[in-house]
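Structural characterization, general
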Amino acid sequence: MTENTREIMLGSELFIKLSGAMDGNVELMEKLFGVTVKQLDGGVKVSGDKDNVDRCCELIELLAELARQGQQITKVVVSRCADMITSGEAGEITDLFKEAVAVTARGKKIYCKTLNQRDYCRAIKKNTLTFAVGPAGTGKTYLAVALAVAAFRRGEVDRIILTRPAIEAGEKLGFLPGDLQMKVDPYLRPLYDALEELFGVDNYTALIEKGIIEIAPLAYMRGRTLSRAFIILDEAQNTTEEQMKMFLTRMGEGSKVVVTGDITQIDLPLGGKSGLKQAIKILADIDGIAVCRLTDKDVVRHELVQKIIKAYDNAR
């Protein structure tokens, strides 16, 4: 095999952004493509098999463009971009950062980080009811909350309602101190965190007090009609079939509903059937309803989360 070499001019400052802590990103590129990457004065030199060198150079140029757009280059980003280059989807990556999903209270723009996330957000905007199924860390809930905040700011909805079933994941609610609200607060904490980041703590608190934002256990939804609201049901894999039907029939005029869950992490009592699995099966072909599936490749948390998910999937 003849070794090929290519050089890319980046500039030392840009290379530092791409290389990662302790040159971890560079080591990952070398491992992914079986090449050698060395820093030059103002650039990098990539050596190895021609096809692998070409792919690695394409990755470096893509990461450089993302860094110029202000994106932080982590190992997760490197792996995700490498996968997209291998699958021929690299040309669409930079499009992800052309339009923000929402803006936080501190002015940080929220972007989709994978093509599946982009398709998920597009589905929410297009459809009245969207189901999102995927493992932890794929942004299912956070992106839904971000879109809810954006819709509220545009005046498209009057309220944001977030709910999830208070199902115990190996722990007993009865042993937690306080009343019911205090007992279920830990289950709703991820929703609080997302809203506080997007609205700011003071605005979030004021909206809660006015009833414009409502976060409550699923049981509180019974008997209500929810109009002109952006409604998110999180951890929906832990709804029963009856609960899911109850929830979906709360939808009123001008509302948008997003249902998220991970069907590999069902915590229902033995023999209980997941309402999320049933709903996806019987509702997927109805106009105005979308089903989006996210995978381990869409995980945007720590790189180990992606590896853990893959390991569990392989062990089944």
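Quick summary incoming for the structure in this document. All of these numbers come straight from a predicted model, not from anything done at the bench.

Along the protein chain, the regular secondary structure elements total eleven helices and eleven strands. Within the protein chain, the proportion of its 316 residues that are buried is 48%. Residue pairs in contact within the protein chain that sit at least 24 positions apart in sequence constitute 71% of those at least 6 positions apart. Accessible area of the protein chain: about 16,400 Å², with a carbon and sulfur share of 50%.

Over the atoms a probe the size of a water molecule is rolled, and this reveals where empty space is left. Counted under the stated rule, the structure contains two cavities of 30 Å³ or more. Taken as a whole, the largest cavity holds about 40 Å³ of empty space. Along the walls of the largest cavity sit Leu10, Phe15, Leu18, Ser19, Val26, Met29, Val37, Val44 and Ile60, which together make up its complete lining. Where the lining of the largest cavity is concerned, the elements lending two or more residues are helix H1 (12-19) and helix H2 (24-33). Examining the composition of the lining of the largest cavity, we find that three residues originate from one element, H1, more than from any other. Its residues assigned to classes, the lining of the largest cavity comprises eight nonpolar, one polar and no charged. Taken as a whole, the second largest cavity holds about 30 Å³ of empty space. Of the residues contributing to the lining of the second largest cavity, the split by class is five nonpolar, no polar and one charged.

With that settled, consider the packing of aromatic side chains. As enumerated under the stated definition, the model contains one aromatic pair in all. Between Phe152 and Phe199, the aromatic rings sit 6.0 Å apart at their centres with planes inclined by 80°, giving edge-to-face as the arrangement. Separated by 47 residues along the polypeptide, Phe152 in helix H6 (residues 140-153) and Phe199 in helix H7 (residues 180-199) bring together distant segments of the chain. On the basis of relative accessibility, which here comes to 8%, the residue Phe199 falls in the buried class.

All buried positions along H1 are accounted for by Leu14, Phe15, Leu18 and Ser19. For H1, the buried positions fall inside an angular range of 135° around the axis, keeping them on one side. Facing away from the buried side of H1, by more than 90 degrees, are the exposed residues Glu13 and Ile16. Structurally, H1 contributes buried residues whose contacts are with H2, strand S2 (36-40), strand S3 (43-48) and helix H3 (50-68). Looking at the residues trailing H1, positive phi occurs at Gly20, about 80°.

Take the packing of helix H5 (residues 115-126) against H6 next. At a minimum axis distance of 11 Å, the contact between H5 and H6 shows a crossing angle of 40°. Put simply, H5 runs oblique to H6. The handedness of the crossing between H5 and H6 is right-handed. Taken together, the residues of H6 that come into contact with H5 (itself represented by Gln117, Tyr120, Cys121, Ile124 and Lys125) are Lys140, Leu143, Ala144 and Leu147. By residue class, the composition of the contact of H5 with H6 is six nonpolar, one polar and two charged.

The rules behind these values
- Residues numbered from 1 in each chain as written.
- Predicted model: local features only at pLDDT ≥ 70, side-chain atom pairs only at ≥ 80, totals over all residues.
- Heavy atoms only, no water.
- Helix = DSSP H or I, 4+ residues; strand = E, 2+ residues; numbered from the N terminus.
- Buried < 20%, exposed > 50% of the residue type's maximum accessible area, 1.4 Å probe, protein only.
- Contact = heavy atoms within 4.5 Å.
- Areas by Shrake-Rupley, 256 points an atom, 1.4 Å probe, with all protein chains shown as cover.
- 1 Å grid on protein atoms, 1.4 Å probe; cavity = no way out; pocket = protein on both sides within 12 Å on 5 of 7 lines; lining within 4 Å.
- Points joined across faces, edges and corners; volume = space filled by probe spheres on them.
- Nonpolar A, V, L, I, M, F, W, Y, C, P; charged D, E, K, R; others polar.
- Phe/Tyr/Trp six-rings, centres within 6.5 Å; stacked < 30°, edge-to-face > 60°.
- Arc of directions from axis to C-beta.
- Axes fitted to C-alpha atoms, helices over the stretch in contact; angles between N-to-C directions.
- Parallel < 35°, antiparallel > 145°, perpendicular 65-115°, else oblique.
- Left-handed = near helix turned anticlockwise from the far one by under 90°.

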